[in-house]
Amino acid sequence: MLHSINRKKVVILKDCIFCKIVRGEIPSYTVYEDDVVKAFLDISQGTPGHTLLIPKKHISNIFEYDEELASEVFARIPKVARAIKASNPDIKGMNIVNNNGQIAYQSVFHSHFHLVPRYTTHDDFAMIFKDNSNKYTADDLKKVQQSIVDHMGD
């Protein structure tokens, strides 16, 4: 199904829950919307104000973005983040999270960014980055680096 917005063709899938939100078939608590993105409260509210920002065009994950769409979507994140922070003086920071693929905890396969306000270190939200630096030599890191560089492309 194609839907035209400002003369751009936007792909919207019939059965995608976020596409249904974009079409207004499922209600949402929208905090921002324009011709490219929609931002709405995550129904789970990991912390108060937890918001999802999605491209209106159906893109499954970060690997499907082209430069133009990435530029348009990413440019809107700071505006929404500032509004969320300004909405509550108790917000001390924010995690901005984008999960890609089931193994990375993506549960809705329409690209989306979580903007999770942080109030305290005990606000029921955690991200853990384990230190594995002792498992890698300089040569190991150079091999990983070179493999990524070799696949960078234009």
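This is a predicted model, so every value here is computed, not measured.

Draft legend 1. Layout of the overall build of the protein. Tallying secondary structure elements over the protein gives three helices and seven strands in all. Scanning the protein from its N terminus toward the C terminus, one meets helices and strands in the order β-β-α-β-β-β-α-β-β-α. Expressed as lengths along the three principal axes of its C-alpha atoms, the size of the protein is roughly 50 × 40 × 25 Å. With 154 residues in all, the protein has 35% of them scored as buried. At a minimum sequence separation of 6, the contacts of the protein that also span at least 24 residues come to 51%. As presented, the protein carries roughly 10500 Å² of accessible surface, and 56% of it is formed by carbon and sulfur atoms. Separation between the mean location of the 19 positive side-chain charges and that of the 19 negative ones in the protein comes to 4 Å.

Draft legend 2. Region of the structure containing the side chain of Asn61. Tracing the backbone shows Asn61 in the loop between β5 (51-55) and α2 (67-86). On the basis of relative accessibility, which here comes to 16%, the residue Asn61 falls in the buried class. Within the structure, the side chain of Asn61 is placed 3.0 Å from the backbone nitrogen of Phe63, a separation counted as a polar contact.

Draft legend 3. Examining the confidence of the model for the protein more closely. Scored by pLDDT, the protein comes out at a mean of 92, with 92% of its residues at no less than 70. For the stretch residues 1-7, pLDDT sits under 50, and the model shows 15 contacts to residues farther than four places along the chain or on other chains.

Draft legend 4. Examining the side chain of Asp42 more closely. Here Asp42 is to be found in the loop between β4 (37-41) and β5. In terms of polar contacts, Asp42 uses its side chain to reach the backbone amide nitrogen of Ser44, at 2.7 Å. What Asp42 contacts, discounting residues up to four positions off in sequence, is His50, Thr51, Leu52 and His114.

Draft legend 5. Molecular detail of the nonpolar core. Residues Leu53, Tyr65, Val73, Val80, Phe113 and Leu115 are the most contacted members of the largest nonpolar core, which totals 18 residues. If you list the elements that add at least two residues to this core, you get β4, α2 and β7 (113-118). The biggest single contributor to this core is α2, with seven residues.

Draft legend 6. Quick peek at the environment of His151. Residue placement: His151 occurs in the segment after α3 (138-150). Owing to a relative accessible area of 65%, His151 belongs among the exposed residues under this scheme. For the pair His151 and Ala83, spaced 68 residues apart in the sequence, the C-alpha separation amounts to 37 Å.

Draft legend 7. Layout of the pattern of salt bridges. Throughout the structure, instances matching the rule amount to five salt bridges. Two residues, Lys38 and Glu33, come together in a salt bridge whose shortest N-O distance is 3.1 Å. The class for Lys38 is buried, based on a relative accessible area of 7%. Across the pair Lys56 and Glu33 runs a salt bridge whose closest N-O atoms are separated by 2.8 Å. Here Lys56, found in the loop between β5 and α2, pairs with Glu33, found in strand β3 (residues 30-33); they are 23 residues apart in sequence, far enough to count as distant. Look at Glu33 and you get partly exposed, because its relative accessible area is 39%.

What counts as what
- Residues numbered from 1 in each chain as written.
- Predicted model: local features only at pLDDT ≥ 70, side-chain atom pairs only at ≥ 80, totals over all residues.
- Heavy atoms only, no water.
- Helix = DSSP H or I, 4+ residues; strand = E, 2+ residues; numbered from the N terminus.
- Buried < 20%, exposed > 50% of the residue type's maximum accessible area, 1.4 Å probe, protein only.
- Contact = heavy atoms within 4.5 Å.
- Areas by Shrake-Rupley, 256 points an atom, 1.4 Å probe, with all protein chains shown as cover.
- Lys, Arg positive; Asp, Glu negative; His and termini not counted.
- Charge placed at Lys NZ, Arg CZ, Asp CG, Glu CD.
- Polar contact = N/O pair within 3.5 Å; in protein donor to acceptor, adjacent residues only side chain to side chain.
- pLDDT = per-residue confidence, 0-100.
- Core = buried A, V, L, I, M, F, W, Y, C linked by side-chain atoms within 4.5 Å.
- Salt bridge = Lys/Arg side-chain N within 4 Å of Asp/Glu carboxyl O.

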